[in-house]
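# Observations on chain architecture
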2 protein chains.
Amino acid sequence: MEKIYDLVILGCGPAGLSAAINATIRNKEVVVMGTEICSPPLHKAQVVDNYLGLPAMKGKDLLDAFQEHAEKMGVKIMAQKAETITEMDGLYLILLGEDVITSRTIVIATGVPYKPTLPQEDFFLGKGLGYCATCDGPIYRGKDVLLIGHSDEAEHEANFMAEICNKVYYIPLYKKVGSLDSRVQILDSRPDSIIGTDFVEGLRLKDGREIAVEGLFVLGGETAPDRLIPGLKIEKNHIIVNRQQETNLPGVYAAGDCTGPPYQVAKSVGEGQVAGLNAAKYASKR
Amino acid sequence: MEKIYDLVILGCGPAGLSAAINATIRNKEVVVMGTEICSPPLHKAQVVDNYLGLPAMKGKDLLDAFQEHAEKMGVKIMAQKAETITEMDGLYLILLGEDVITSRTIVIATGVPYKPTLPQEDFFLGKGLGYCATCDGPIYRGKDVLLIGHSDEAEHEANFMAEICNKVYYIPLYKKVGSLDSRVQILDSRPDSIIGTDFVEGLRLKDGREIAVEGLFVLGGETAPDRLIPGLKIEKNHIIVNRQQETNLPGVYAAGDCTGPPYQVAKSVGEGQVAGLNAAKYASKR
């Protein structure tokens, strides 16, 4: 029998770790999906003076104290990113690369709200714009495409497209480009906006150039929470929750910056606690 | 010109102090109305392990850390109790004994929800039951009354009633009775329930005795928040707030245990922060 977690927590910032320790105390099986730096905005904060009990802390030191606390309680942090989450028979299946894990509940604590890479991404999604080149690749066989990569993990998708497309343009949004197929043409400008009326016709660059393509891919950027979990209700870029941190989906909770302002540590820790305790209760009932 | 505070915060537990430091950082004029022990339930907690960043703390030590942080930020705590709060021209007047202070906003952080001393207090209020004997005394001239005192401060009210009533019974809910008028008869049993259908007809004691009286007073007990601030909306003993910690009254916020479960430190600190920041914003606009 495959392992079923009680809580899968997305994000290892203040909200995620607070949810994790609170559910762990309730003897729940918890796993946190984290990133290298658990909360980039907190990590950069020069001084945090309004988290009660720990005055005048550097953001980084506060984050360290949070992680130490979680480690002390035996909280597991996996350096993985959930790609999609689907519900099946009241359980949630979380796709991580080639693995799938199963959980009774999900706590979304992914931090600052999602910012699209390009304006109008939502409108053009499925109309020439995609987030997975290897998935949609065959549609663009023999055509011209442009890929925007947030990290070097996007390069293998560019190389794959070079095999089947007529022309592949690539804009790296990171510093060191690794090993690209010689047929891939790197553009050394930033993306500005999508050209097209009903479908993608090209991309305008910051330097004014216009590149005509039929397919456009944004790879490795932030994932909008409602794309991660289909059906999740969002308003003005924030996940809608009630005072129990419940979203519109049963067993799915959200806490911290992703639920809206104020973007503050204590608010996130408090919401994480409520989400963690309620998710633990929900998991017990199932 | 009399001083106008930006925030008057009722309660010096985790929610109240978190509100205070957050509004102080926003350069607001803040005063906290506290009690000797700021959070009796936290003070008694053997160990708190789920306030992120401060693992395995004795409740008392956590409370001390909170108070130190607040003192460091220059937060003023007054050992006074608000008796009633009334709104006038968009400002709140807070009655403290013989003083009145004025504030643009109120943050209620009074902790664990109000428990009435007697069942059906709400029903009998104004129908023979009252909370101020000296105020209602004249109605009971020449009649029999019973006073329940939570502290020796109630004794002067009993003595006052002895001057004007036919018979005055007194039940002290504290240990050392001080100086009572010889005409006051102390009952050495605990109160059980109110006797009466439409109006108070008497009090049933835990030992089974029934004392016939027309007037009944509960003195020095906890004050229900909606009696403290008339018009405040309450549901199942909790103050109704939205996710911004706003109550139904403009400029009145609530945070912590008084807004409902879970009764936990991080939840209180988080809500206190949101209430403090929003009250500060509200005060700035006025």
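Up top you'll find the structure we're talking about.
Let me sum up the structure you'll find in this document. (Residues numbered from 1 in each chain as written. Chains lettered and ligands numbered in written order. Predicted model: local features only at pLDDT ≥ 70, side-chain atom pairs only at ≥ 80, totals over all residues. Heavy atoms only, no water.)

### Notes on the nonpolar core
- Counting 68 residues, the largest nonpolar core has Tyr-51, Leu-62 and Phe-66 of chain A together with Tyr-51, Leu-62 and Phe-66 of chain B as its most contacted members.
- In contact with Leu-62 of chain A, not counting residues within four places along its chain, are Leu-42, Val-48, Tyr-51, Leu-54, Met-57 and Val-265 of chain A. (Core = buried A, V, L, I, M, F, W, Y, C linked by side-chain atoms within 4.5 Å. Buried < 20%, exposed > 50% of the residue type's maximum accessible area, 1.4 Å probe, protein only. Contact = heavy atoms within 4.5 Å.)

### Let's talk about the relation of the copies chain B and chain A
- Least-squares fitting of chain B to chain A yields an RMSD of 0.3 Å, with the superposition described by an axial translation of 0.2 Å and a rotation of 180 degrees. What the rotation and shift describe, once combined, is the action of a two-fold rotation axis. Residue Gly-270 of chain B, judged by its C-alpha, is the member of chain B lying nearest the rotation axis, at 2.2 Å.
- The residues that chain B uses at the interface reappear at the interface of chain A in 100% of cases, marking a shared surface. (Least-squares fit on C-alpha atoms with pLDDT ≥ 70 in both.)

### Structural notes on the interface of chain B and chain A
- If you look at the interface, chain B gives 37 residues, while chain A gives 37 residues.
- Taken together, both faces of the contact between chain B and chain A bury some 2900 Å²; the carbon and sulfur share is 61%.
- When the area that chain B buries against chain A is broken down by residue, the three leading residues are Leu-52, His-69 and Arg-243 of chain B, summing to 28%.
- In this structure, the connection of chain B to chain A is made through two salt bridges.
- The residue Arg-243 of chain A makes a salt bridge to Glu-271 of chain B at a minimum N-O spacing of 3.0 Å. (Buried area = accessible area lost by both parts, 1.4 Å probe. Salt bridge = Lys/Arg side-chain N within 4 Å of Asp/Glu carboxyl O.)

### Looking at the side chain of Ser-193 of chain B
- Along the chain, Ser-193 of chain B turns up in strand S11 (residues 191–195).
- Every residue in contact with Ser-193 of chain B, bar those within four places of it in the chain, is listed here: Pro-119, Gly-202, Leu-203 and Arg-204 of chain B. (Helix = DSSP H or I, 4+ residues; strand = E, 2+ residues; numbered from the N terminus.)

### So, the packing of helix H1 (residues 14–25) of chain A against helix H8 (residues 265–285) of chain A
Residues and elements named next belong to chain A.
- Put simply, H1 and H8 touch, their axes get as near as 7 Å, and they point 35 degrees apart. In this structure, the crossing between H1 and H8 has a hand that is right-handed. Between H1, through Pro-14, Ala-15, Ser-18, Ala-19, Asn-22 and Ala-23, and H8, the contact on the second element is made entirely by Val-265, Ser-268, Val-269, Gly-272, Gln-273, Gly-276, Leu-277 and Ala-280.
- A class-by-class count of the residues in the contact of H1 with H8 yields eight nonpolar, six polar and no charged. (Axes fitted to C-alpha atoms, helices over the stretch in contact; angles between N-to-C directions. Left-handed = near helix turned anticlockwise from the far one by under 90°. Nonpolar A, V, L, I, M, F, W, Y, C, P; charged D, E, K, R; others polar.)

### Digging into unusual backbone geometry
- Across the junction of Pro-261 of chain A and Pro-262 of chain A, the peptide omega takes the value -5 degrees, indicating a cis bond.
- Residue placement: Pro-262 of chain A occurs in the loop between strand S17 (252–254) and H8.
- Not every positive phi belongs to a glycine, and Asn-27 of chain B is a case in point at roughly 60 degrees.
- With respect to the helices and strands, Asn-27 of chain B occurs in the loop between helix H1 (14–25) and strand S2 (30–33).

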